[in-house]
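Survey of secondary and tertiary structure
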Amino acid sequence: MADPSTSPPLTRASVAGARELIKPFVHRTPVITSASLSALASAPSADRGKGKGKAKPKLRLWFKCENFQKIGAFKARGAFHAIERLKKEPGWLAGGGAERGVVTHSSGNHAQALSLAARTNGIPAYIVMPKISAPPKVAATKGYGAKVIFSGSTSVEREAVAATVIEETGARLVPPYDHPDIVLGQGTLGLEFQEQVEAMMAEEGRERPEGKKGLDAVVAPCGGGGMLSGVALSCEGTGIRVFGSEPSFQGADDAKRGYESGVRVETVSSVTVADGLRTPVGRVPWSIIYERRLVAGFYSVPEADIVRAMKLAYERLKVVVEPSAAVPLAVALYNEDFREMVEREAGDEGWDLGIVFSGGNVGLDALGRLFAEGGGDRKEV
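If you're wondering where the values come from, they're calculated on a predicted model, not measured in any experiment. (Residues numbered from 1 in each chain as written. Predicted model: local features only at pLDDT ≥ 70, side-chain atom pairs only at ≥ 80, totals over all residues. Heavy atoms only, no water.)

**Describing the overall build of the chain**
As a reminder, the rule being used: By the criteria applied, helices consist of DSSP H or I runs no shorter than four residues and strands consist of E runs no shorter than two, each listed in order from the N terminus. Only C-alpha atoms enter the radius of gyration, while the globule expectation follows 2.2 Å times N to the 0.38, with N the number of residues. The classification of residues rests on relative accessible area computed with a 1.4 Å probe and restricted to protein chains. Under 20% of the type maximum is buried, over 50% is exposed, and intermediate values are partly exposed. Whether two residues touch is decided by their heavy atoms; if any such pair falls within 4.5 Å, the residues are in contact. Accessible surface area values rest on a Shrake-Rupley calculation with a 1.4 Å probe, where residue burial reflects the displayed protein chains alone. Residues counted as positive are Lys and Arg, residues counted as negative are Asp and Glu, and His and the chain ends are not counted. By convention, the charge on Lys lies at NZ, on Arg at CZ, on Asp at CG and on Glu at CD.
A tally of helices and strands in the chain yields 15 helices and 10 strands. The C-alpha atoms of the chain give a radius of gyration of 20 Å, which matches the 21 Å a tight globule of 381 residues would have. Across its three principal directions, the C-alpha atoms of the chain cover 60 × 45 × 40 Å. A buried classification covers 61% of the 381 residues belonging to the chain. Nonlocal contacts in the chain, meaning residues at least 24 apart in sequence, comprise 76% of its contacts between residues at least 6 apart. With an accessible surface of roughly 14,800 Å², the chain has 52% of that area assigned to carbon and sulfur atoms. Of the charged side chains in the chain, 47 are positive and 45 negative; the average position of the first set lies 2 Å away from that of the second.

**Brief notes about the side chain of Arg278**
Here is the rule we go by: For this analysis, a salt bridge means a side-chain nitrogen from Lys or Arg found within 4 Å of a carboxyl oxygen belonging to Asp or Glu. Whenever a nitrogen or oxygen atom comes within 3.5 Å of another N or O atom, the pair is scored as a polar contact, on the condition that within protein one atom can donate a hydrogen and the other can accept it, and that pairs from neighbouring residues in sequence are kept only if both atoms are in side chains.
With respect to the element layout, Arg278 can be found in the loop between helix 10 (254-261) and helix 11 (283-291). Asp275 provides the closest opposite charge to the buried, salt-bridge-free Arg278, at an N-O distance of 5.2 Å. At 2.7 Å, the side chain of Arg278 and the backbone oxygen of Thr272 are in polar contact. In this structure, Arg278 is in contact with Ile132, Val268, Ser270, Val271 and Thr272, ignoring residues within four places of it in sequence.

**Re the packing of aromatic side chains**
Our working definition: Each aromatic pair joins two rings of Phe, Tyr and Trp (for Trp, the six-membered one) with centres within 6.5 Å, and gets the label stacked for planes under 30 degrees apart, edge-to-face for over 60, and tilted for any other angle.
Counted under the stated rule, the structure contains 10 aromatic pairs. Here the aromatic rings of Tyr314 and Phe371 are separated by 5.7 Å at their centres, their planes lie at 85°, and the arrangement is edge-to-face. With Tyr314 in helix 12 (residues 303-317) and Phe371 in helix 15 (residues 364-373), the pair connects residues that are 57 residues apart, well separated along the chain. Under the relative-accessibility criterion, Tyr314 is labelled buried at 18%. With relative accessibility at 28%, the residue Phe371 sits in the partly exposed group.

**With respect to helix 1 (residues 12-22)**
The line we're drawing: What the arc covers is the set of directions going from the helix axis to the C-beta atoms.
Among the residues making up helix 1, those that are buried are Ser14, Val15, Ala18, Arg19 and Ile22. In an axial view of helix 1, the angular spread of the buried residues amounts to 155°, which keeps them on one side of the axis. Where helix 1 is buried, its residues touch helix 3 (75-87), helix 8 (180-204) and helix 9 (226-235).

**Examining the pairing of strand 2 (residues 59-65)**
Regular strands place side chains that alternate from one sheet face to the opposite one. Applied cut-off: In this description, strands pair whenever DSSP reports at least two bridges between them.
Of all seven residues in strand 2, seven are buried, a share of seventy percent or more. With burial as the criterion, each face of strand 2 is covered, one bearing Leu59, Leu61, Phe63 and Cys65 and the other bearing Arg60, Trp62 and Lys64. By the bridge criterion, three bridges tie strand 1 (residues 31-33) to strand 2 in an arrangement that is antiparallel. Bridge assignment links Ile32 to a residue of strand 2, and that residue is Phe63.

**A short note on the pairing of strand 10 (residues 351-357)**
With seven of seven residues buried, strand 10 is to be regarded as a mostly interior element. Across the two faces of strand 10 the burial is the same, with Trp351, Leu353, Ile355 and Phe357 and Asp352, Gly354 and Val356 all buried. Judged from the seven bridges that link them, strand 2 and strand 10 form a sheet pairing that is parallel. Bridge pairing links Leu61 to Leu353 in strand 10. The sheet contact formed by strand 7 (residues 217-221) and strand 10 spans three bridges and is parallel. Paired with Val219 across the bridge in strand 10 is Ile355.

This is the structure:
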């Protein structure tokens with residue numbers, strides 16, 4: 001990566017600058033709505049929240065479909081921004097940096113994203129992937145021309161293998177989330193989301209209360225926190241509240257626990273179905289999420305709710321999303337703490353709630369197993 005000291009400040013204006021830099025390389029992904037899912041989210045249900053299910057918030061759901069992004073996930077934004085910033089680092093190109101290449105560790109989506117960004121620029125890419133990575137993600141990464149090196153599943157194990165690659169090749173590390181350039185790149189989806197919803201409301205002739213133009217809040221998934229913190233930056237000063245969402249399985253809700261205790265959790269070991277969210281929050285994202293309080297709170301959901309939400313996305317929206325991408329929708333539909341909070345704070349007006357579908361990289365075989373099992377055979381701890 002480029003030296004963090006040379007990165008732009010972590011502000012909404014810098015996110016806008018990142019958007020201009022990566023515009024030639026990424027898609028402006030669509031925003032869609034669903035009357036049926038909005039109605040479902042706005043109705044109480046006896047089977048929600050272990051029998052509680054009494055909250056009745058008024059929610060109008062808007063979905064930012066990063067599953068239609070290049071490589072099938074939002075990660076393309078951060079990877080292309082990181083490469084563009086690295087090319088601007090004094091002496092990197094002239095000193096042979098491009099020939100030595102770049103390296104990263106990732107469970108899949110960042111791996112594909114960096115592989116594509118590197119190939120686009122004629123730069124070698126070395127990708128460290130956990131042995132338990134989804135086969136379609138491994139195949140896609142290799143398909144972009146990267147050299148894949150396998151490691152253990154924890155972040156510590158992956159980082160150790162990446163360090164060995166750097167020592168042997170001189171490649172530059174491009175971390176999946178813990179760098180200002182990654183955060184700013186991922187945040188570009190937040191700017192698009194805001195503008196698209198405002199434009200769609202204007203086309204519909206929707207009138208909002210004085211001082212409000214579009215979204216009231218956004219729920220985004222959180223693994224390492226690069227995208228969540230970037231979206232939070234994009235919403236700073238707009239009045240839009242940003243919430244993080246995580247799986248609860250085997251302690252994968254590290255950001256929630258850290259946010260509530262005030263201490264960042266540095267290690268996570270979980271095999272949640274939301275494989276893109278198995279990592280702890282990085283230091284840079286944490287500084288935005290917690291220290292600057294740009295994220296309003298966190299909510300977590302069990303495996304069964306993630307699979308239920310994923311199935312609804314397929315049935316009602318006709319879109320392909322991976323388990324990690326379904327976590328925000330699961331929060332909106334099934335997390336009673338979140339739903340009670342919205343009902344209390346939004347009142348009769350309700351909220352226009354943005355849901356980030358972070359990606360759609362999931363194999364058909366895995367889908368069949370997930371829907372057959374329903375996540376119900378996994379015991380929460």
